[in-house]
Amino acid sequence: MKDRPLLMIPGPIEFDPAVLRALGAPTTSHVSPDFIDTFGRALERMREVWLAPTGQPFVLAGSGTLAMDAVGANLVEPGDRALVLSTGVFGDRFEDLLSRYGAEVTAIRAPVGETIDFAEVEATLGSGDYKLMTATHVDTSTGVRIDAERFGALGREHGLFTVLDGVCSVAGEALRQEAWGIDVVLTASQKAIGVPPGLALLVVSQNLLCAWGKRRTKVANYYADWAKWLPIMAAYEKRVPSYFGTPAVNLVCALDVSLGQILEEGMEERVARHERLGRACRAAIRALGLGQIPTSDEHAANTLSAPRYPKGVHGTDLLPRIREAGAILAGGLHPEIRSESFRIGHMGATGPGDLLATVGAIEAGLRACGHDFELGSGVAAAQSILFG
Ligand code: PMP
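Structural notes, computed from the coordinates.

Quick notes on the rules
- Residues numbered from 1 in each chain as written.
- Predicted model: local features only at pLDDT ≥ 70, side-chain atom pairs only at ≥ 80, totals over all residues.
- Heavy atoms only, no water.
- Helix = DSSP H or I, 4+ residues; strand = E, 2+ residues; numbered from the N terminus.
- Contact = heavy atoms within 4.5 Å.
- Buried < 20%, exposed > 50% of the residue type's maximum accessible area, 1.4 Å probe, protein only.
- Core = buried A, V, L, I, M, F, W, Y, C linked by side-chain atoms within 4.5 Å.
- Expected span 1.5 Å × (residues − 1).
- Pairing = 2+ DSSP bridges.
- Axes fitted to C-alpha atoms, helices over the stretch in contact; angles between N-to-C directions.
- Near = heavy atom within 4 Å.
- Polar contact = N/O pair within 3.5 Å; in protein donor to acceptor, adjacent residues only side chain to side chain.
- Nonpolar A, V, L, I, M, F, W, Y, C, P; charged D, E, K, R; others polar.

Bringing the environment of Phe118 into the picture now. Relative to the elements of secondary structure, Phe118 occurs in helix H5 (residues 118-126). For the pair Phe118 and Gly88, spaced 30 residues apart in sequence, the C-alpha separation works out to 16 Å. In contact with Phe118, not counting residues within four places along its chain, are Leu85, Ile146, Asp147, Arg150, Phe151 and Leu154.

Below is the structure:
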């Protein structure tokens, strides 16, 4: 018997043993030929996973918030106008972050559970001179996915830079950075990329880099300044030693392994697997008689689900019971729905067996909390999608 419950929160997630082995291997020098080759290959692989053949990848030691911070630091000059599309806590984070760098921020905030109304975005863009627009592909606080293709197209149409927070989507949801014309797609290692927390990952378009090169003011963040990191990324890709700040050597080795696995699975297959997992999880939740935060399956994420607690059941009772039954889930995060909902991550190396075990654990927890439902109905609903 496994001596620990499954980690089924929306990041960090369960990691593949080969990725963990790479992480646990003896640390080498950041300028050793082996490591240079590994880092260089990881950068090349990022372009394939992001589907951005001419994009510039950056790998920084830090969490997803650092990737967001790097965007604020490098894109914004005081007085620039930014439009933030928010579908939850992480969209709101961009509003605060960009304003710290002197941006004049306008936010379009979707009601909790709803996705972005692009007609409203279009009208807003038409009435103002915006330099950049940000959006969260999947907001982990609501489980809502936006239409990233439309987002990129609107950015192109209006001649502004687009920044997509893909922390909860890259390598899990359909995303074609270059074809969709998105200037920055950022993520963190601990989600569908499948590597323990600690890496901030970005791919930046050449178009944006060109504009960034003409900044009037110095980047006001020393560590996140792309000027510091561009020569380093270029050197690793050219397989020559370089140094600015010590890279997270072991995490980069693990990243290379995970990106290799992702590409071996194939991007389309991987997205299809996540789509199936998402659909199966939502079907299970529905069969158990629970509501969900996203108001439609059309814009419900495939990387996580956000069920509502049934009447009379509280998270403080339910979540520990689900954990006892074998799965660690996350409570609510968004302040408006924190006490009403919980979150299940199903991304990265998660397989059908993990999802079925999780649904089984949820059933055990609900039963222990006195919720009335037919035992096994959630598992059966998920199975019919996973294996139907
Ligand atoms: N954006 C989204 C969509 C996220 O889910 C998260 C983390 N949950 C972040 C940004 C911030 O990433 P981190 O916690 O790694 O700083």
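Moving on from the model shown.
This paragraph deals with the side chain of Arg282. Along the chain, Arg282 falls in helix H10 (residues 267-287). With relative accessibility at 5%, the residue Arg282 sits in the buried group. Each residue touching Arg282, except ones within four places of it in the same chain, is listed here: Gln292, Asp297, Ala300, Ala301, Asn302 and Ser305.

Here the amide bond leading from Gly11 into Pro12 is cis, since omega sits at -5°, within 30 degrees of zero. Checked against the element boundaries, Pro12 lands in the loop between strand E1 (6-7) and helix H1 (17-24). Here the phi dihedral of Leu51 falls at roughly 55°; this positive angle occurs in a residue that is not glycine. In this structure, Leu51 sits in the loop between helix H2 (33-50) and strand E2 (56-61). Positive phi values are uncommon outside glycine, yet Ala171 reaches one of about 75°. Following the sequence through the fold, Ala171 ends up in the loop between strand E8 (161-165) and strand E9 (184-188).

With 95 residues, the main nonpolar core has Trp50, Leu85, Val121, Leu186, Ile193, Leu202 and Trp226 as its most contacted residues. With eight residues, the single largest contributor to this core is H2. The contact partners of Trp226, leaving out residues within four places of it in the chain, are Phe58, Ala70, Asn74, Leu75, Leu202, Val204, Leu208, Leu209, Trp212 and Pro231. The next biggest cluster of nonpolar side chains, apart from the first, holds 27 residues, and it includes Leu277, Ala280, Leu318 and Leu355.

Attention now goes to helix H12 (residues 352-368). In this model, H12 (17 residues) spans 24 Å end to end at C-alpha, consistent with the 24 Å of a helix rising 1.5 Å per residue. For H12, the set of buried residues is Leu355, Leu356, Thr358, Val359, Ala361, Ile362, Glu363, Gly365 and Leu366. Buried residues along H12 sit in contact with E1, H10, helix H11 (315-324), strand E12 (327-328), strand E14 (342-345) and helix H13 (377-386). Of the residues one or two after H12, Gly370 is the one with positive phi, at around 90°.

Here the focus is the sheet that holds E8. Here seven strands make up an open sheet; going across it, the order is E2-E10-E9-E8-E5-E3-E4 and the pairing mixed. A single partner strand is all that each edge strand has here, and the edge strands are E2 and strand E4 (104-109). Mean inter-strand twist for the sheet, computed between neighbouring axes without regard to direction, equals 15°. Where strand E5 (residues 132-136) meets E8, five bridges bridge the pair, whose relative direction is parallel. Looking at E8, one finds that Leu132 is bridged to Phe161. Sitting on the sheet, H5 is in contact with strand E3 (81-86), E4 and E5, with an inclination near 170° to E3. Seen against the sheet, helix H8 (residues 226-238) touches E2 and strand E10 (199-204) and runs at an angle of roughly 105° to E2.

Around the ligand lies a shell of 14 residues, among which Ser63, Gly64, Thr65, Thr140 and Asp165 are the nearest. Gly64 is positioned such that a nitrogen or oxygen atom in its backbone is 2.8 Å from an oxygen atom of the ligand. When residues of the shell around the ligand are traced back to their parent elements, those giving at least two are helix H3 (64-75) and helix H4 (89-100). By residue number, the principal contributor to the shell around the ligand is H3, which donates three residues. Classifying every residue of the shell around the ligand gives five nonpolar, six polar and three charged.

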